[in-house]
Amino acid sequence: MTKSKQERSSRMIRIMTPSSLLLWSLVILSFTTLSSVEAAAVVSSTPSSSTTAPMRCQRQKYHHVGSSTRTMNCMNSNDTSQEEEEEESLSIILGKEVENLKQMRGGDNDEDNNDNNSKDNGAMSEGIKNSLASAMAAGVSKAILAPFDTIKTMQQNYISTSAATSTSLGFWKAASLIMERPKGFMELYAGLGVAVVGSMPSVGLYFGVYSYCKRTLQPTFERLLASSTDDTKGQHNAALIRTLTIATSAAIGNTVASFSRVPYEVVKQKLQTGQYASTMEALTQMARTEGWRAFFPMGGVSIQMLRDIPYAMVTLLSYEYLRDTFIRSQQQQQQSTGSSNASTGASTTTAKTTVWKDMAVGATAGGIGSYVTNPLDVIKTRIQTDPQLYNGNIGTCFAMTLEEGGPMAFLRGSIPRLLHKIPA
């Protein structure tokens, strides 16, 4: 027993010589390193090229310990793989940036489209609001001021029977002739129902189209007439853009609304001049004799547009000019001096004063437009009340009116027309 133990111990001493110990340590170290590398490769389920390349290099290093050439090749391949990975990551980053820029541009386009849609919706809603408000105001003003409109129609339709004298029908004389009819004083309100029913949609249509065109045309004119860097030229361009916007919007609005005005204007004026006793009689007789042409007589639409378009342009441009001169300039002056922030009572007084000034400016602008276009209104009344006499020709009506009453004939009915238009 003791002998066997001594033999085994002597055998172990022979095995554990320095050279054998060094050999065994290298073997154990190699197996340990390979085991750790293989374990790391198994753990990482999706290894990248940056991790697999060093593993291959380590295996090559430990399998070929003495080979310096292969070690250098491994290092070069490692550097190459890192450069390829950096280029690939850079291309991925650039691709993402390009996609982000495209998305941002698409977002900007969406925002621009949303802004355009909101502007269009704002213009449409403003047009509808102005249409409803102006329709209600037109109905109320027609009901209150109907006598002045009836007297105006009588004066303009009057034709002097004396060749020697070209006298016109005076205001009170026209009123007395109207009240001599069977209904007396109520004859001053002849055609009121037709006027109210017809004017509400036509006036509402006009102001609705005008407001919409004003909101949509101004950006177009601003792009066409870009302001200069010079302040003086910029102010001139701004004034020109505003004038063109108002004039063009008024022309478009009246062009659309004039077609809806002609039928009720024809019926109303025939009732005011006593050609028919009631609205129902006028509608049935006109439809029976001439059909739909009776409501759109020859030259009726053209003279309606020829009167309405200049009237709207002159009235609106006068209103904007007077408002800029007497109201906005004063408001700017008060803001510059700081008087608008003085006290609550002072601001309330200023607001009330502005309302009265605004009403005065509107009345003045309406008076200017009415007086300037009164000659066209005379021709319109005569053609629409008796189109056969003038063959629906504007030039013929103008020549016959001038021959019958001279230049002053074109101012007939100007006073009652002013009394009708200024408060409205």
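Keep in mind it's a predicted model, so treat the numbers as computed, not measured. (Residues numbered from 1 in each chain as written. Predicted model: local features only at pLDDT ≥ 70, side-chain atom pairs only at ≥ 80, totals over all residues. Heavy atoms only, no water.)

This part covers the overall build of the chain. Within the chain one finds 15 helices and zero strands. Counting every position in the chain, which comprises 424 residues, the buried fraction comes to 33%. Sequence separation of at least 24 residues holds for 76% of the intrachain contacts in the chain that already meet a minimum separation of 6. Here the chain displays about 25,500 Å² of accessible surface, and carbon together with sulfur accounts for 63% of that area. (Helix = DSSP H or I, 4+ residues; strand = E, 2+ residues; numbered from the N terminus. Buried < 20%, exposed > 50% of the residue type's maximum accessible area, 1.4 Å probe, protein only. Contact = heavy atoms within 4.5 Å. Areas by Shrake-Rupley, 256 points an atom, 1.4 Å probe, with all protein chains shown as cover.)

The end-to-end C-alpha distance of helix 9 (residues 279-290) is 16 Å, a good match for the 16 Å that twelve residues give at a rise of 1.5 Å each. Phi turns positive, to about 70 degrees, at Gly291, one or two residues after helix 9. (Expected span 1.5 Å × (residues − 1).)

Bringing the confidence of the model for the chain into the picture now. Low-confidence regions, as indicated by low pLDDT, have predicted coordinates that should not be scrutinised in detail. A residue-level look at the chain finds 60% of positions with pLDDT of 70 or above and a mean pLDDT of 75. In this model residues 18-23 is a low-confidence stretch, pLDDT under 50, and it forms two contacts with partners more than four residues away in sequence or in other chains. (pLDDT = per-residue confidence, 0-100.)

Okay, the nonpolar core next. Core analysis: the biggest nonpolar cluster contains twelve residues, these being Val194, Val262, Tyr264, Val266, Val267, Leu271, Tyr276, Ala282, Met286, Ala294, Phe295 and Val301. Those elements that place two or more of their residues in this core are helix 8 (231-272) and helix 9. Ranked by the residues each element gives to this core, the list is headed by helix 8, at five residues. Beyond its immediate sequence surroundings of up to four residues, Ala282 is in contact with Val267, Leu271 and Tyr276. Formed by eight residues, the second largest nonpolar core is a distinct cluster that contains Phe171, Ala175, Ile178 and Leu188. (Core = buried A, V, L, I, M, F, W, Y, C linked by side-chain atoms within 4.5 Å.)

Right, let's get into the packing of aromatic side chains. Tallying each qualifying case throughout the model produces five aromatic pairs. Between Phe185 and Tyr189, the aromatic rings sit 6.1 Å apart at their centres with planes inclined by 65 degrees, giving edge-to-face as the arrangement. Residue class for Tyr189 comes out partly exposed when judged on its relative accessible area of 25%. With a centroid separation of 4.8 Å and 65 degrees between ring planes, the pair formed by Tyr206 and Phe207 is classed as edge-to-face. Using a relative accessible area of 6% as the deciding quantity, one classes Tyr206 as buried. (Phe/Tyr/Trp six-rings, centres within 6.5 Å; stacked < 30°, edge-to-face > 60°.)

Now for the layout of surface pockets. Here the largest pocket defines a volume of roughly 1,400 Å³. Lining the largest pocket are 46 residues; nearest its centre among them are Tyr206, Phe207, Tyr311, Thr315 and Ala424. Listing elements by their share of the lining of the largest pocket, those giving two or more residues are helix 4 (68-144), helix 5 (146-157), helix 7 (192-224), helix 8, helix 10 (300-337), helix 11 (344-372), helix 12 (374-385) and helix 15 (414-421). Along the lines of polarity and charge, the residues of the lining of the largest pocket split into 20 nonpolar, nine polar and 17 charged. (1 Å grid on protein atoms, 1.4 Å probe; cavity = no way out; pocket = protein on both sides within 12 Å on 5 of 7 lines; lining within 4 Å. Points joined across faces, edges and corners; volume = space filled by probe spheres on them. Nonpolar A, V, L, I, M, F, W, Y, C, P; charged D, E, K, R; others polar.)

Take empty space enclosed by the protein next. This structure, assessed with the given rule, holds one cavity of 30 Å³ or more. In terms of lining residues, the largest cavity is bounded by Lys142, Ala146, Asp149, Thr150, Leu188, Ala190, Gly191, Leu192, Ala195, Lys268, Gln272 and His420. Only helix 5, helix 7 and helix 8 provide two or more residues apiece to the lining of the largest cavity. Residue contributions to the lining of the largest cavity peak at three residues, all from helix 5. Partitioned by chemical class, the residues of the lining of the largest cavity number five nonpolar, four polar and three charged.

Using the criterion set out here, one finds 16 salt bridges in the structure. The salt bridge involving Lys268 is made with Glu265; its shortest N-O contact spans 3.4 Å. Here Lys268 and its partner Glu265 are both found in helix 8, three residues apart, which amounts to about one turn of the helix. Summarising the burial analysis for this pair, Lys268 and Glu265 share the class buried. (Salt bridge = Lys/Arg side-chain N within 4 Å of Asp/Glu carboxyl O.)

Bringing the packing of helix 5 against helix 15 into the picture now. Packing of helix 5 against helix 15 leaves a shortest axis separation of 8 Å and a crossing angle of 155 degrees. With respect to helix 15, the axis of helix 5 lies roughly antiparallel. Relative to helix 15, helix 5 is oriented so that their crossing is left-handed. Along the contact surface, helix 5 presents Phe148, Asp149, Ile151, Lys152 and Gln155, while helix 15 presents Pro416, Arg417, Leu419 and His420. Tallied by class, residues from the contact of helix 5 with helix 15 come to four nonpolar, two polar and three charged. (Axes fitted to C-alpha atoms, helices over the stretch in contact; angles between N-to-C directions. Parallel < 35°, antiparallel > 145°, perpendicular 65-115°, else oblique. Left-handed = near helix turned anticlockwise from the far one by under 90°.)

Another aspect to go through is the environment of Val196. Within the secondary structure, Val196 is located in helix 7. Along the sequence, Val196 and Met136 sit 60 residues apart, while their C-alpha atoms lie 9.5 Å from each other. Contact partners of Val196, with chain neighbours within four places excluded, come to Gly139, Lys142 and Ala143.

Here we come to the environment of Tyr158. Within the element layout of this structure, Tyr158 appears in the loop between helix 5 and helix 6 (171-179). Exposure remark for Tyr158: the relative accessible area of 26% places this residue in the partly exposed category. For the pair Tyr158 and Ala409, spaced 251 residues apart in sequence, the C-alpha to C-alpha distance is 9.7 Å. Those residues in contact with Tyr158 that lie beyond four places of it in its chain are Thr167, Ser168, Leu169, Arg382, Glu404 and Arg412.

What follows concerns a nonpolar patch on the surface. A cluster of nonpolar residues, Ile159, Leu389 and Met400, forms a patch on the protein surface that exposes about 230 Å² of accessible area. Mapped onto the elements of the fold, Met400 is located in helix 14 (residues 394-405). (Patch = residues over 30% accessible without salt bridge, like charges linked within 9 Å, V, L, I, M, F, W, Y side chains within 5 Å.)

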